[in-house]
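Chain by chain, the residues:
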Amino acid sequence: MAVAEAQLYAKVSNKQRSRSTSALLEPLLARGFPAHIAQKALVATGQKTIEDAAKWLHSHCNDPSLDDPIPQEYALYLCPTGRLHSRLQDFWKESKRQCGKNRAHEVFPHVTLCDFFTCEDQKVELLYDILKRVGDSFSQRFPPSISLTLHASPSYLGFFVDDSQANVLKELAVAFSSEASALADCHVKPSLKQFHLTLAHRFYPHHQKTLEQLAKCINPGEPCQWVAALYSRDMRFVHYQRLRALFQYKPQNIDELLINAGDLIYVDPRQQSDVSEGWVVGTSHRTGCRGFLPENYTERAHESDTWVKHREYVFETASRSLTKTEKDVKLNGEAHNPSLSRSVTNVLSLQNAALQRGVLMMRHGERVDQVFGKSWLQQCLTADGSYYRADLNFPSSLPRRKDSMKQFECDPPLSCCGIFQSRLTGEALLEQEVTVSYVYSSPALRCVQTAQHVLQGLKLNQKVKIRVEPGLFEWTKWEASRAIPNFMTVAELVEASYDIDTSYRGNFPLSSLVPSESYEDYVSRSSAVIKQIITACPTKGKGVILIVGHGSSLAPLTRALTGLPNRDSRDFAQMVRKIPSLGMCFCEELKGENKWQMANPPVKTLTHGANAAFNWRNAIMED
């Protein structure tokens, strides 16, 4: 048992437990469920219906922690509803699109009244009563509207609550915490600092200006009804990442996890170092079971997606009819008329009109040694050294090269599935009417082949030529041979019918690639090559520059282009292993600003399952 988990058990093991008389609990007890497990199910579902609790119990029948005495953690938040909430959600969406995810995106818009505290399962109903009673006592004193002033710093952006109104909120928080501590035996700390509603937190400083511009489009005087809501979370997974399953996965081995589309998974980043590439180990929020699952079946979810809302108290505040003068609010201390604000939608449309070039960066398709191992070539050679196709996923033939065929071991081609992946991606780009004007490729054969088949899918082969750029080769420290591979020459690629731009001269000659280069040197090389590519491509028109590289290419190229700082080398390998075949990043240029920003790629990702080798004789004929 982990040390932290053991401390949780010790924290709750000596507490006295009294039996609840909940009307929801009795029917579950009548069905034969033990009281502590039935109570746990009710709390985990927000004590709403017997059906919800019964469904939870059925899903958690194999949960190894079902008997654990660890309680939930609870927090009391003041949440906006109505038009203000809609404007805040618009900001959330657009700030994430333009500047990437920051800490504020993990949780919905709120003002913290009481931060997380623990409460025993059988005493949670007391919290509901306390919330109702405290809400009633403050209903007449609650401000008819809450004045919000925008505050910005290099790492924080949000609305501060006016002092006079904040004092009422503090009294409300103190009243709830005092009663909860006394009646429900909880240690509750009310929030006594500056009351605020966070818009962005822990973002890169160079994004501050963009975030402030988006925030100024929010009119904090929009009609709003405030709700005090009680939420809970599983305290065991506070520091875990959340993933959401995009597809169903049925286990093929006993240590794998069954997931359905929409399932939420808790993943501890500290436990992933020994996991095979493309897999993660996690715990299902729906079932409580733990196991391995394919990472490309998931996407990142928000922290609050796994929280449970228990009860809420709505403060009935009649909207006052304000005069034009009263409608003026303050943003950063300056008078601002909401009628002159542009909506986030208008800002977006103006920015889209200003977009110019785009850069689509992708990892190559499935390589043959990724499926058949490093000794794949030995499986395909006859006694006289001729190539033959030992499996349908091997390429039908290998391109001719002047040096030894053995060089393919260090410069492997795509598998047939890799060719299919690449062509399918090109066809998808064609359907989205993406105009590719330039194509750059790493000198690795798998990258050149990927670029070729993407162009075929786009029906641009022979129209757009591939520029082979040695500077796009992957981090040389990861080369197993500790030497730079002998790539096929431009002449050999042309002879093999690849559409190569023979007039192009790379920014980095092959001789400049150094074996086992440092991480800093690799990042510096990537930064230099992307800047040289952008400079070499004319600024007229709105064509896309397609760059085909490696899993290690995406982060350094995009971060250099958008001005983001380099990722820490200790996290780099962990990030790269999550990038699947044909994984893509897209950057778009803001016209006239000489700036680039990340955006969603023009096509969806390609996800598929494994297909193991099949021996009919062993499987069918033998007993």
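Residues numbered from 1 in each chain as written. Predicted model: local features only at pLDDT ≥ 70, side-chain atom pairs only at ≥ 80, totals over all residues. Heavy atoms only, no water.

In terms of helices and strands, the protein chain carries 18 helices and 20 strands. Looking at the protein chain as a whole, 50% of its 623 residues qualify as buried. Within the protein chain, contacts between residues at least 6 apart in sequence are counted, and of these 76% link residues at least 24 apart. Taken as a whole, the protein chain presents about 30900 Å² of accessible surface, with 51% of it coming from carbon and sulfur. (Helix = DSSP H or I, 4+ residues; strand = E, 2+ residues; numbered from the N terminus. Buried < 20%, exposed > 50% of the residue type's maximum accessible area, 1.4 Å probe, protein only. Contact = heavy atoms within 4.5 Å. Areas by Shrake-Rupley, 256 points an atom, 1.4 Å probe, with all protein chains shown as cover.)

With that settled, the discussion passes to the confidence of the model for the protein chain. Taken residue by residue, the protein chain gives an average pLDDT of 86. The fraction at 70 or more is 88%. In the model, residues 6–21 has pLDDT below 50 throughout and makes 29 contacts with residues more than four positions away in sequence or in other chains. Low pLDDT, under 50, characterises residues 318–355; the stretch is placed with 63 contacts to residues that sit more than four places away or in other chains. (pLDDT = per-residue confidence, 0-100.)

For the rest of this paragraph, the subject is helix 15 (residues 519–536). Helix length check: helix 15, at 18 residues, gives a terminal C-alpha distance of 26 Å against a target of 26 Å (1.5 Å per residue), a fit within 8%. Those residues of helix 15 that sit buried are Tyr519, Tyr522, Val523, Arg525, Ser526, Ser527, Val529, Ile530, Ile533 and Ile534. (Expected span 1.5 Å × (residues − 1).)

Each aromatic ring pair is characterised by the separation of its centres together with the angle its planes make. Per the stated rule, a full pass over the model turns up 29 aromatic pairs. Between Phe237 and Tyr266, the ring centres sit 4.0 Å apart and the planes meet at 10°, which makes this aromatic pair stacked. Of the two residues, Phe237 sits in the loop between strand 6 (225–233) and strand 7 (241–245) while Tyr266 sits in strand 8 (residues 264–267), which places them 29 residues apart along the sequence. Tyr266 shares its class with Phe237; the two are buried. Where Trp478 meets Phe572, the ring centres are 5.7 Å apart and the plane angle is 25°; that geometry is what we call stacked. Residue Trp478 is found in the loop between strand 17 (466–468) and helix 14 (490–495), and its partner Phe572 is found in helix 17 (residues 569–576); the two are separated by 94 residues along the sequence. Taking the relative accessible area as the measure of exposure, Trp478 reaches 35% and is therefore partly exposed. Phe572 gets classed as buried once you look at its relative accessible area, which sits at 1%. Every member of this aromatic cluster is reached through a ring pair, and the members are Tyr77, Phe108, Phe116, Tyr231 and Trp307. The side chain of Arg233 reaches across the aromatic face of Phe116, ending 3.6 Å from its centre. Over the ring of Phe408 we find Arg401, and its NZ or CZ is 5.1 Å from the ring centre. (Phe/Tyr/Trp six-rings, centres within 6.5 Å; stacked < 30°, edge-to-face > 60°. Lys NZ or Arg CZ within 6 Å of the ring centre and 35° of its normal.)

Take helix 16 (residues 554–562) next. One turn of an α-helix holds 3.6 residues; hence residues three or four places apart share an orientation. Of all the nine residues making up helix 16, eight are buried; the element is thus mostly covered by neighbouring parts of the structure. Those residues of helix 16 that sit buried are Leu554, Ala555, Pro556, Leu557, Thr558, Arg559, Leu561 and Thr562. Downstream of helix 16 by a residue or two, Gly563 has a phi angle that is positive, lying close to 85°.

This part covers the packing of helix 6 (residues 124–138) against helix 7 (residues 163–183). Contact geometry of helix 6 with helix 7 gives a least axis separation of 10 Å together with a crossing angle of 145°. Between helix 6 and helix 7 the crossing geometry is right-handed. Contacts from Leu126, Leu127, Ile130, Leu131, Arg133, Val134 and Phe138 in helix 6 reach Val168, Glu171, Leu172, Ala175, Phe176, Glu179, Ala180 and Leu183 in helix 7. The residue inventory of the contact of helix 6 with helix 7, partitioned by class, reads twelve nonpolar, no polar and three charged. (Axes fitted to C-alpha atoms, helices over the stretch in contact; angles between N-to-C directions. Left-handed = near helix turned anticlockwise from the far one by under 90°. Nonpolar A, V, L, I, M, F, W, Y, C, P; charged D, E, K, R; others polar.)

Turning our attention to the side chain of Thr283. As for its position among the elements, Thr283 is in strand 9 (residues 279–284). Under the relative-accessibility criterion, Thr283 is labelled buried at 11%.

As a further point, take the pairing of strand 10 (residues 290–294). In this structure, strand 9 lies alongside strand 10, joined through five bridges in antiparallel fashion. When the sheet's bridge partners are listed, Gly282 is paired in strand 10 with Gly291. (Pairing = 2+ DSSP bridges.)

A few words on the pairing of strand 1 (residues 72–81). Working note: regular strand, side chains alternate between the two faces of the sheet. Within strand 1, nine of the ten residues are buried, which leaves the element mostly enclosed by the surrounding structure. Here strand 1 pairs with strand 6 via nine bridges, running antiparallel. In the sheet register, Pro80 faces strand 6, and the bridge partner there is Trp226.

Between helix 5 (residues 83–99) and helix 8 (residues 208–215), whose axes approach to 10 Å, the crossing angle comes to 155°. If you check the angle between helix 5 and helix 8, you find them roughly antiparallel. As helix 5 packs across helix 8, the resulting crossing turns out to be right-handed. Between helix 5, through Phe91, Glu94, Ser95, Gln98 and Cys99, and helix 8, the contact on the second element is made entirely by Thr210, Leu211, Leu214 and Ala215. Across the contact of helix 5 with helix 8, the residue classes tally to five nonpolar, three polar and one charged. (Parallel < 35°, antiparallel > 145°, perpendicular 65-115°, else oblique.)

To continue, consider the sheet that holds strand 10. Taking strand neighbours across the sheet as the criterion, the five strands line up as 10-9-8-7-11 in an open arrangement whose pairing is antiparallel. Bordering the open sheet on either side are strand 10 and strand 11 (298–300), each of which pairs with just one other strand. Within this sheet the neighbouring strands show an average axis-to-axis angle of 45°, counted without direction. Relative to strand 11, strand 7 is paired through three bridges, and the arrangement is antiparallel. The residue of strand 11 that forms the bridge with Leu243 is Arg300.

For Ser145, the location among the structural elements is in the loop between helix 6 and strand 3 (148–153). Take Ser145: its relative accessible area is 31%, and that puts it in the partly exposed class. Distance in space between the C-alpha atoms of Ser145 and Cys224 is 7.7 Å, their sequence separation being 79 residues.

What follows covers the state of the cysteines. Scanning the entire structure with this criterion turns up zero disulfides. The thiol of Cys119 is unpaired, and the distance to the nearest cysteine sulfur, on Cys186, comes to 3.4 Å. Accessibility expressed as a relative area gives 2% for Cys119, which makes it buried. Distance from the sulfur of Cys416, which forms no disulfide, to the nearest cysteine sulfur (Cys417) is 7.3 Å. (Disulfide = S-S within 2.5 Å.)

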